[in-house]
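Reading the structure
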Amino acid sequence: MKDIFRSNNQQNRNLKPDPESERITENAKNRRSRYLSDKSARAGVLICAALSFVIIIAIIVFILQEGLPAFIEVGLFKFLFGLDWSPSNDKFGILPMIVGSLAVTIGSMILAIPLGIACAILLAEVSPPKIRNLLRHAVELLVGIPSVVYGLVGMAVIVPFIRDIGGSGYSVAAACLVLMAMVLPTIISISEDSIRAVPNKYREGSLALGATQWQTIRHVLIPAAKSGIAASIVLGMGRAIGETMAMIMVIGNAVIIPTSPLDPARTLTGNIAVEINYATGLHESALFGTAVVLLIFIILLNTLIFNFLKRGNSESGST
Amino acid sequence: LEKGEGHFLLNRYMSHKTPKLIKPMKYVISISFIILLVIASVFLIGCRNTNSSSNSQEISGVIAESGSTTVQPLAERLADSFMDKNPHVNVIIQGGGSSVGIKAAYEGIVDIGASSRELTPDDPPVEKFLLAKDGIAVIVNPANPIDNLSIEQVRNVFSGNISNWNEVGGADHEIHLVAREEGSGTRTAFHDMVMTDEDGSEDRVSRRAILQSSNGSIIQVVRSDPNAAGFISFGYLTEIVKAISINGSAPAKENAKNGDYPIVRPLYFVTGNQPVGIVKTFIDYCFEEEAQEIVADEGYISVK
């Protein structure tokens, strides 16, 4: 290696033989322009950072400002816990949508967490490299598929399948199955990374004590990676609660509180997307109010992620 | 190798041989920031420009229309044939829904709004032009044996009072309702003509109904579900779903025109003020015989 550098340096020296005096002025110039470019780069980074911050604040202010009339005119309690959403009768209660969003998020998580963690363990610890590469590419591909395609597959395959069980097929169950496929890649890739990040000495120590591979995974690796796995679950929840297009296509969009997985429902995101075309006045404001509630959900989830990651860091720092 | 690369650069830097090597990187960074900012500002200026130019659309020969998705396919064909005759005029047709169309026309955002429902006192005051009439058909899956329902039965089916097909002479299956979302012109018209009595008492479309946001997606749901029932505009009728007779009258244009078929609504073009210039030319054209033939050809009921 060092030989290569030396020869490179020699080449340069041969190409550019510069006298002493020239070198000094050159250096002074360079130092100044370096200083300037350094400053401009710093300013550029600062502007970009400030811009993204301003955009986020502007969005929050705008949503709050547009949604506030709904909170005031409908009343906060009636808005959040009202059972009846009927804009043409001036009734704006979003509880059915809150329940709908929570139902599909929790339902899809129940399906996706065991699958995702199992797949992450396989990728990180068990599978031979060839299969691992193949699977990882497949998982990465899953991330890139647009949600409308998931929705289409859901409409064409999952909805008729659910219809055979009962109901019209456009249901919470169909939505959960579609969402499961959509959040799996998030859970798999982040869980895999965090299992991989467990120091090798843990594995070696466990195996040296006579533990089997499964015992090592179950009692050493998973507990050691638990903060990363928890973060992956919460990130997956964030994706699930924010998903719009695929949900509209498979969940049926009826404004009722679902009493069985075969019932249709409506999510908070779906409520906004389905109705914004026709909304004016208080109705429009109520949709922005829906967005405020959604925003609060997302902020709560993000705080949760932050806490998990912080706890993970302090744990690994203390050991 | 990465480590080696670092040393490599460091060596050059320390030896004062070619300190320029480090500079271009930073230039690239700062230049790309400048380009980014320029692009951003161009976008901002561009946005402002399009906003201010919308007022001068009449002069430049552009007519903007938006509103009811029911009127949209008809408006597109009328616009095409109008543009064939007047190649320097550009008619832009957009959807958005009846309420949006009326509001946009009133506010001057578009030249013409389209409404597929009767205007109400809640709507802003606009000039309206009865472009055509449209029937609303109740559709079921082709596998469904039902051919005819009374309007009372339709009302009870969609309000949820009748929840099984065997109550109206069909097979023993739960009825899966499919409707448009609230605010849609088709749903409003259906509500006014089917779900509302003359004395003003009304039923709501069942809250358990699956809601779809266009005529096309209602067709898609009904064609794939043997127990579904939905309602769509005459203009969207196809062979893949079965449109049933109401009160013994088939959902056909002739029956709608002579008053036998009970669920018929108006389709309007609306403008904020009395139309002038090319907007007036276009609206006048829509009432000529040729344009009304297109109306009939699209499956709507011509007003001539």
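Just so it is clear, the structure is predicted and the values come from calculations on it, not from any experiment.

What counts as what
Along each chain, the written sequence defines residue order, and numbers are assigned to residues from 1. Both sets of labels track the order of writing: A upward for chains, 1 upward for ligands. In view of the model being predicted, local features appear only for residues whose pLDDT reaches at least 70, and side-chain atom pairs are presented and counted only at 80 or more, with totals across whole chains, interfaces and linings using the full set of residues. Values shown for side chains rest on all heavy atoms present in the structure; no hydrogens or waters enter the calculation. Per the convention used, a helix needs a DSSP run of H or I reaching at least four residues, while a strand needs a run of E reaching at least two, with both numbered from the N terminus. The contact definition used throughout considers only heavy atoms, calling two residues in contact when any of these lie within 4.5 Å. Shrake-Rupley sampling with a 1.4 Å probe provides the accessible areas, and residues are treated as covered by the protein chains on show and by no other component. Exposure categories follow from relative accessible area, calculated using a 1.4 Å probe and restricted to protein chains: below 20% of the type maximum is buried, above 50% is exposed, and the middle band is partly exposed. Each pair of aromatic rings taken from Phe, Tyr and Trp, with Trp reduced to its six-membered ring, is defined by centres within 6.5 Å and is described as stacked if the planes are under 30 degrees apart, edge-to-face if over 60, and tilted in the remaining cases. Patch definition: residues with relative accessible area over 30% and no salt bridge; like charges joined within 9 Å; nonpolar side chains (Val, Leu, Ile, Met, Phe, Trp, Tyr) joined within 5 Å. Salt bridges are counted wherever a side-chain nitrogen of Lys or Arg sits within 4 Å of a carboxyl oxygen of Asp or Glu. What qualifies as a polar contact is a pair of N or O atoms within 3.5 Å, subject to a donor-acceptor requirement within protein and to the restriction that residues adjacent in sequence count only when both atoms come from side chains. pLDDT is a per-residue confidence score from the predictor, ranging from 0 to 100. Each axis is a line fitted through C-alpha atoms, and for a helix only the stretch in contact is used; angles between axes span 0 to 180 degrees, taken between their N-to-C directions. In this scheme, roughly parallel covers angles under 35 degrees and roughly antiparallel covers those over 145, while 65 to 115 is roughly perpendicular and the rest are oblique. Helix crossings are classified by the rotation of the near helix relative to the far one: an anticlockwise turn of less than a right angle makes the crossing left-handed, while a clockwise turn makes it right-handed. Here the term charged refers only to Asp, Glu, Lys and Arg, the term nonpolar to Ala, Val, Leu, Ile, Met, Phe, Trp, Tyr, Cys and Pro, and the term polar to all other amino acids, Gly among them. To define a nonpolar core, start from buried Ala, Val, Leu, Ile, Met, Phe, Trp, Tyr and Cys residues and group those joined through side-chain atoms within 4.5 Å. Two strands are said to pair when DSSP picks up at least two bridges between them. Working rule for helices: expected span equals 1.5 Å times residues minus one.

1. Let's talk about the overall build of chain B
Assigned secondary structure in chain B consists of 11 helices and 12 strands. When contacts within chain B are restricted to residue pairs at least 6 apart in sequence, those whose partners lie at least 24 apart make up 73%. A total accessible area of about 14500 Å² is found for chain B, and carbon and sulfur atoms account for 54% of it.

2. Re the overall build of chain A
If you tally the helices and strands in chain A, you get 13 helices and two strands. Looking at chain A as a whole, 42% of its 319 residues are labelled buried. Within chain A, counting contacts between residues at least 6 apart in sequence, those at least 24 apart form 72% of the total. Of the roughly 17000 Å² of accessible surface on chain A, 68% is carried by carbon and sulfur atoms.

3. Focus on the environment of A:Gly238
Considering the arrangement of structural elements, one finds A:Gly238 in helix H10 (residues 226-242). A:Gly238 sits 61 residues away from A:Ile299 along the chain, and the two C-alpha atoms are 9.5 Å apart.

4. Thoughts on the packing of aromatic side chains
What the rule picks out here adds up to 11 aromatic pairs over all chains. Between A:Phe62 and A:Phe288, the aromatic rings sit 5.5 Å apart at their centres with planes inclined by 90°, giving edge-to-face as the arrangement. One end of the pair, A:Phe62, is in helix H2 (residues 20-74); the other, A:Phe288, is in helix H13 (residues 281-318), with 226 residues separating them in the sequence. Ring centres of B:Phe269 and B:Phe282 lie 6.1 Å apart, and the angle between their planes is 35°; this geometry places the pair in the tilted category.

5. A short note on a nonpolar patch on the surface
All names here are of chain A. Among the surface-exposed residues, Val 148, Val 149, Val 153, Val 157 and Met 245 lie close enough to one another that they form a single nonpolar patch of about 370 Å² accessible area. With four residues, helix H6 (residues 147-165) is the single largest residue contributor to the nonpolar patch. Here Val 148 shows up in helix H6. Judged by relative accessible area, Val 148 falls into the partly exposed class, the value being 37%.

6. Focus on the side chain of B:Arg155
The residue B:Arg155 is located in helix H6 (residues 151-159) in this model. On the basis of relative accessibility, which here comes to 7%, the residue B:Arg155 falls in the buried class.

7. Remarks on the side chain of B:Thr186
With respect to the secondary-structure elements, B:Thr186 resides in helix H7 (residues 185-195). For B:Thr186, the side chain forms a polar contact with the side chain of B:Thr70, separated by 3.1 Å.

8. Quick notes on the confidence of the model for chain B
Residues and elements named next belong to chain B. For chain B, the average pLDDT comes to 81, and 85% of its residues sit at 70 or higher. Note on residues 1-21: pLDDT is under 50 here. Beyond four places in sequence and across chains, it has 24 contacts. Counted against residues more than four places away or in other chains, residues 48-59, with its pLDDT under 50, gives seven contacts. Among the prediction metrics, the complex's ipTM stands at 0.73, with pTM recorded as 0.75.

9. Some points on the packing of helix H7 (residues 172-196) of chain A against H10(A)
Residues and elements named next belong to chain A. Running from amino to carboxyl end, H7 crosses H10 at an angle of 155°, the nearest separation of the two axes being 8 Å. Judged by the angle between their axes, H7 and H10 are roughly antiparallel. For the pair H7 and H10, the crossing hand works out as right-handed. Of the residues in H10, those touching H7 at Leu 179, Met 182, Val 183, Thr 186, Ile 187, Ile 190, Ser 191, Ser 194 and Ile 195 are Gly 228, Ile 229, Ser 232, Ile 233, Leu 235, Gly 236, Arg 239 and Ala 240. Among the residues forming the contact of H7 with H10, the class breakdown is 10 nonpolar, six polar and one charged.

10. Side note on the nonpolar core
Residues A:Val104, A:Val178, A:Ile195, A:Val250, B:Ile139 and B:Val222 are the most contacted members of the largest nonpolar core, which totals 52 residues. Looking at this core, the elements that each hand over two or more residues are helix H4 (95-126), H6, H7, helix H9 (213-224), H10 and helix H11 (245-251) of chain A together with helix H8 (215-224) and strand S8 (228-233) of chain B. Core analysis: the next-biggest nonpolar cluster, separate from the first, contains 31 residues, B:Ala137, B:Ile175, B:Leu211 and B:Phe234 among them.

11. Thoughts on the pairing of strand S11 (residues 264-271) of chain B
Residues and elements named next belong to chain B. Within S11, seven of the eight residues are buried, leaving the element largely enclosed by the surrounding structure. Pairing geometry for strand S3 (residues 112-115) and S11, over three bridges, is antiparallel. For Ala 114, the partnering residue across the bridge sits in S11 and is Phe 269. Examined bridge by bridge, strand S4 (residues 127-140) and S11 share eight bridges and lie antiparallel to one another. Note that in S11 the partner of Glu 127 across the bridge is Thr 271.

12. Looking at unusual backbone geometry
All names here are of chain A. Despite not being glycine, Asp 90 shows a phi value in the positive range, around 60°. Mapped onto the elements, Asp 90 comes out in the loop between strand S1 (85-86) and strand S2 (91-92). For Asp 90, a relative accessible area of 55% gives the class exposed.

13. Section: helix H4 (residues 72-85) of chain B
Residues and elements named next belong to chain B. If you check H4, its first and last C-alpha atoms are 20 Å apart, about what 14 residues at 1.5 Å a residue would give, namely 20 Å. Those residues of H4 that fall on the buried side of the exposure criterion are Leu 74, Ala 75, Leu 78, Ala 79, Ser 81 and Phe 82. If you follow the buried residues of H4, they end up packed against strand S1 (62-67), strand S2 (90-96), S4, S11, helix H10 (277-286) and helix H11 (289-297).

14. Details of the pattern of salt bridges
Here the structure, examined in full by the defined rule, presents 19 salt bridges over all chains. Residue B:Arg204 pairs with A:Asp84 through a salt bridge whose shortest N-O separation is 3.2 Å. With B:Arg204 in the loop between H7 and strand S7 (210-212) and A:Asp84 in the loop between helix H3 (76-81) and S1, this pair bridges two chains. Notably, a salt bridge pairs B:Glu118 with B:Lys128, separated by 3.2 Å at the nearest N-O pair. With B:Glu118 in the loop between S3 and S4 and B:Lys128 in strand S4, this residue pair connects regions lying 10 residues apart in the sequence. Classification of B:Glu118 by relative accessible area gives partly exposed; the value is 38%.

15. A short note on H10(A)
The end-to-end C-alpha distance of H10(A) is 24 Å, a good match for the 24 Å that 17 residues give at a rise of 1.5 Å each. For H10(A), the full list of buried residues reads A:Ser227, A:Gly228, A:Ile229, A:Ala230, A:Ala231, A:Ser232, A:Ile233, A:Val234, A:Gly236, A:Ala240 and A:Ile241.

16. Considerations on the pairing of S4(B)
Residues in a regular strand project their side chains so that they alternate between the two faces of the sheet. Residue and element names in this part refer to chain B. Counted residue by residue, S4 has 10 buried out of 14 residues, so it is predominantly covered. Examined bridge by bridge, S4 and strand S12 (residues 301-302) share two bridges and lie antiparallel to one another. Looking at the pairing, Ala 132 lines up with Ser 302 of S12. Looking at chain direction, S4 and S8 are connected through five bridges and run antiparallel. Note that in S8 the partner of Ile 139 across the bridge is Gly 230. Pairing geometry for S4 and strand S9 (residues 242-243), over two bridges, is antiparallel. Pairing of Val 140 across the sheet is with Lys 242, part of S9.

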